[in-house]
Amino acid sequence: SRHFNLPSEVFGSWMHSLTTLRNGCAHHTSLWNRNSPFTSAIPNSLIEIWGNTDKLSDHIWILNELLTVIHQDSKWINNLKYLLHEDEQISKLNMGFEANWDLDPIWDD
């Protein structure tokens, strides 16, 4: 948790949440329109701008936050934005993304 500059309870919560997400992927669970059975903790610095932590979009944001620490030059979020824009039939709302989500600075690389 120190490496990611997160309180240990937040980091542990994120790891638990991502493990649940990973298990869903491994068992071919449809994730795009479901709420997570586990709600991740939010760091105090983000409580003002981040509300819900049980949608797929929240897990994507957590993954991106961790990736930016692990690999500062990661283009993962840009690739995801591209994929989500390419297919208009993908329901971003069901994934937990709000309208114009990609304009929010929290999604900047």
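**Q** Now, about the environment of His3: what can you tell me, with residues and values included?
**A** With respect to the element layout, His3 can be found in the segment before helix H1 (8-26). Judged by its relative accessible area of 59%, His3 is exposed. Spatially, the C-alpha atoms of His3 and Ile70 are 9.1 Å apart, while their sequence positions differ by 67 residues.

**Q** How would you sum up the packing of aromatic side chains? Please name residues and give values.
**A** Any two aromatic rings considered together are summarised by their centre-to-centre distance and by the angle between their planes. In total, this model carries three aromatic pairs according to the counting rule given. On the numbers, 5.9 Å between centres and 80° between planes, the contact of Trp14 with Trp61 is edge-to-face. In this pair, Trp14 is assigned in helix H1 and Trp61 in helix H2 (residues 56-70), connecting sequence segments 47 residues apart. As far as the burial class goes, Trp14 and Trp61 line up, both buried. Note on Phe97 and Trp101: the rings are 4.3 Å apart at their centroids and 40° apart in plane angle, and the pair reads as tilted.

**Q** Give a description of the layout of surface pockets that names residues and reports values.
**A** Approximately 170 Å³ is the volume found for the second largest pocket. Forming the walls of the second largest pocket are 14 residues, and the residues nearest its centre are Leu21, Leu31, Asn35, Ser36 and Pro37. Where the lining of the second largest pocket is concerned, the elements lending two or more residues are H1 and H2. The biggest single contributor to the lining of the second largest pocket is H1, with four residues.

**Q** Any details on the side chain of Asp58? Residues and values, ideally.
**A** Mapped onto the fold, Asp58 is located in helix H2. Of the side chains with opposite charge, Lys55 comes closest to the buried, unpaired Asp58, at an N-O distance of 7.8 Å. Within the local environment of Asp58, its side chain forms a polar contact with the backbone nitrogen of Lys55, the two atoms lying 3.0 Å apart.

**Q** Got a sec to walk through the packing of H1 against H2? Specific residues and values, please.
**A** As a packed pair, H1 and H2 sit with axes 11 Å apart at the nearest point and diverge in direction by 120°. Classed by the angle they form, the pair H1 and H2 counts as oblique. The way H1 lies across H2 gives a crossing that is left-handed. Residues Phe11, Trp14, Met15, Ser17, Leu18 and Leu21 of H1 pack against Leu56, His59, Trp61, Ile62, Leu63, Glu65 and Leu66 of H2. Class assignment for the residues of the contact of H1 with H2 results in ten nonpolar, two polar and one charged.

**Q** Outline the environment of Phe4, supporting the account with residue identities and numerical values.
**A** Examined against the element boundaries, Phe4 turns out to sit in the segment before H1. Along the backbone, Phe4 and Glu88 are 84 residues apart, and their C-alpha atoms lie at a distance of 34 Å. Leave out the neighbours within four places in its chain, and Phe4 touches Phe11, Leu66, Val69 and Ile70.

Cut-offs applied
- Residues numbered from 1 in each chain as written.
- Predicted model: local features only at pLDDT ≥ 70, side-chain atom pairs only at ≥ 80, totals over all residues.
- Heavy atoms only, no water.
- Helix = DSSP H or I, 4+ residues; strand = E, 2+ residues; numbered from the N terminus.
- Buried < 20%, exposed > 50% of the residue type's maximum accessible area, 1.4 Å probe, protein only.
- Phe/Tyr/Trp six-rings, centres within 6.5 Å; stacked < 30°, edge-to-face > 60°.
- 1 Å grid on protein atoms, 1.4 Å probe; cavity = no way out; pocket = protein on both sides within 12 Å on 5 of 7 lines; lining within 4 Å.
- Points joined across faces, edges and corners; volume = space filled by probe spheres on them.
- Lys, Arg positive; Asp, Glu negative; His and termini not counted.
- Salt bridge = Lys/Arg side-chain N within 4 Å of Asp/Glu carboxyl O.
- Polar contact = N/O pair within 3.5 Å; in protein donor to acceptor, adjacent residues only side chain to side chain.
- Axes fitted to C-alpha atoms, helices over the stretch in contact; angles between N-to-C directions.
- Parallel < 35°, antiparallel > 145°, perpendicular 65-115°, else oblique.
- Left-handed = near helix turned anticlockwise from the far one by under 90°.
- Contact = heavy atoms within 4.5 Å.
- Nonpolar A, V, L, I, M, F, W, Y, C, P; charged D, E, K, R; others polar.

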